[in-house]
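Residue-level listing of the chains:
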Amino acid sequence: MSAFVERVRAAQYAVTRISAAPLLVRAGIFVIVFAGFALAFPAEVLSGRPILFLAVAALLPAIGPRKVWATFTALVTVGGWLLATDGYGRPVALWRLLAVAALLYLGHTLCALAALLPYDAMVDPELITRWLMRSAAVLLGAAVLGVLLLQAAGTGGGAGYQWVTVLGLLVAVGLSALLGWLLRRR
């Protein structure tokens, strides 16, 4: 029983030491991941109980950015996108695709930032601003390059192939698993 009381006291002490910047970064993670869910999933799924489950899922990477939750929510977002396009017949719009990709990247990069920041860190706001500016530059460059490549290939307006999306997802998961295995080998 005394171990439980000590854990509660340690949690209370940690809560009193939370500073604003790490808390704002974690709130940003929640908002961005939830916005990604809202854009990816069809409107029919977002009514009722599923919205509560998605809200809890968006809260998980904000609470534990070092854990597997960032990857989990990215996979849920991609699953929602596949459900919307394949299951509900939503047409693939370039603006929505770019927005979901941008939100996935922002959620991932904010989880990386939050994993580096302890709850009680005193952070210069310029650090977060520079981090977000670099992320915005990456997003802008990727969006411009993606649109230019789509126009060059002549595939901008046609229907996509479902198997290419699934293959890309499998390659990304496989590379992540390989990198994780290589890091653990050291």
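All of these numbers come straight from a predicted model, not from anything done at the bench.

## Digging into the overall build of the protein
Step number 1: A tally of regular secondary structure across the protein gives 7 helices and 0 strands.
Step number 2: Shown N-terminal to C-terminal, the secondary structure of the protein runs as helices and strands in the order α-α-α-α-α-α-α.
Step number 3: Along the longest, intermediate and shortest principal axes, the C-alpha atoms of the protein span 65 × 40 × 35 Å.
Step number 4: A burial count over the protein gives 27% of its 186 residues as buried.

## Structural notes on the layout of surface pockets
Step number 1: Taken as a whole, the second largest pocket holds about 160 Å³ of empty space.
Step number 2: Residue lining of the second largest pocket: Ala 21, Leu 24, Val 25, Gly 28, Leu 110, Val 123, Asp 124, Pro 125, Ile 128 and Leu 132, and that is the complete set.
Step number 3: In terms of residue count, the dominant contributor to the lining of the second largest pocket is helix H2 (residues 20-40) (4 residues).

## Some words on the confidence of the model for the protein
Step number 1: Per-residue pLDDT for the protein averages 86, and the proportion of residues at 70 or more is 94%.
Step number 2: No element of the protein has a lower mean pLDDT than helix H7 (residues 162-185), at 79, and none a higher one than H2, at 94.

## A short note on helix H1 (residues 2-16)
Step number 1: Given a rise of 1.5 Å per residue, 15 residues ought to cover 21 Å, and the 21 Å separating the end C-alpha atoms of H1 matches this to within 8%.
Step number 2: Counting buried residues along H1, only 0 of its 15 residues qualify, which leaves the element largely exposed.

## Focus on the nonpolar core
Step number 1: One finds Val 25, Ile 29 and Phe 37 to be the most contacted residues of the largest nonpolar core, which totals 28 residues.
Step number 2: Of all the secondary structure elements, the ones that give two or more residues to this core are H2, helix H3 (49-63), helix H4 (69-87) and helix H5 (94-116).
Step number 3: Of the residues forming this core, the biggest block, 8 residues, is contributed by H2.
Step number 4: Those residues in contact with Val 25 that lie beyond four places of it in its chain are Leu 110, Leu 113, Ala 114, Leu 117 and Ile 128.

## Concerning a nonpolar patch on the surface
Step number 1: A cluster of nonpolar residues, Trp 163, Leu 167, Val 171, Leu 175, Leu 178, Leu 179, Trp 181 and Leu 182, forms a patch on the protein surface that exposes about 820 Å² of accessible area.
Step number 2: Inspection of the secondary structure assignment puts Leu 182 in helix H7.
Step number 3: Relative accessible area serves as the criterion here: at 38%, Leu 182 is assigned to the partly exposed category.

## Structural notes on the packing of H2 against H4
Step number 1: Running from amino to carboxyl end, H2 crosses H4 at an angle of 15°, the nearest separation of the two axes being 8 Å. Looking at the two axes, H2 sits roughly parallel to H4. Once H2 is placed against H4, the crossing between them reads as left-handed. Here H2 contributes Val 33, Gly 36, Phe 37 and Ala 40 to the contact with H4, which in turn contributes Thr 73, Val 76, Thr 77, Gly 80, Trp 81 and Ala 84.
Step number 2: The class makeup of the residues in the contact of H2 with H4 is 6 nonpolar, 4 polar and no charged.

## Quick notes on the side chain of Ser 135
Step number 1: Its location among the elements puts Ser 135 in helix H6 (residues 125-153).
Step number 2: Discounting chain neighbours no more than four positions away, the residues touching Ser 135 are Tyr 105, Leu 106 and Thr 109.

## Looking at the packing of aromatic side chains
Step number 1: Tallied over the full model, the rule gives 3 aromatic pairs.
Step number 2: Here the aromatic rings of Trp 69 and Phe 72 are separated by 5.8 Å at their centres, their planes lie at 85°, and the arrangement is edge-to-face. Of the two residues, Trp 69 and Phe 72 both sit in helix H4, 3 residues apart, roughly one turn of that helix.
Step number 3: Relative accessible area serves as the criterion here: at 31%, Trp 69 is assigned to the partly exposed category.
Step number 4: The residue whose ring lies beneath Arg 26 is Tyr 119, and the NZ or CZ to ring-centre distance is 4.1 Å.

What counts, and at which threshold
- Residues numbered from 1 in each chain as written.
- Predicted model: local features only at pLDDT ≥ 70, side-chain atom pairs only at ≥ 80, totals over all residues.
- Heavy atoms only, no water.
- Helix = DSSP H or I, 4+ residues; strand = E, 2+ residues; numbered from the N terminus.
- Buried < 20%, exposed > 50% of the residue type's maximum accessible area, 1.4 Å probe, protein only.
- 1 Å grid on protein atoms, 1.4 Å probe; cavity = no way out; pocket = protein on both sides within 12 Å on 5 of 7 lines; lining within 4 Å.
- Points joined across faces, edges and corners; volume = space filled by probe spheres on them.
- pLDDT = per-residue confidence, 0-100.
- Expected span 1.5 Å × (residues − 1).
- Core = buried A, V, L, I, M, F, W, Y, C linked by side-chain atoms within 4.5 Å.
- Contact = heavy atoms within 4.5 Å.
- Patch = residues over 30% accessible without salt bridge, like charges linked within 9 Å, V, L, I, M, F, W, Y side chains within 5 Å.
- Areas by Shrake-Rupley, 256 points an atom, 1.4 Å probe, with all protein chains shown as cover.
- Salt bridge = Lys/Arg side-chain N within 4 Å of Asp/Glu carboxyl O.
- Axes fitted to C-alpha atoms, helices over the stretch in contact; angles between N-to-C directions.
- Parallel < 35°, antiparallel > 145°, perpendicular 65-115°, else oblique.
- Left-handed = near helix turned anticlockwise from the far one by under 90°.
- Nonpolar A, V, L, I, M, F, W, Y, C, P; charged D, E, K, R; others polar.
- Phe/Tyr/Trp six-rings, centres within 6.5 Å; stacked < 30°, edge-to-face > 60°.
- Lys NZ or Arg CZ within 6 Å of the ring centre and 35° of its normal.

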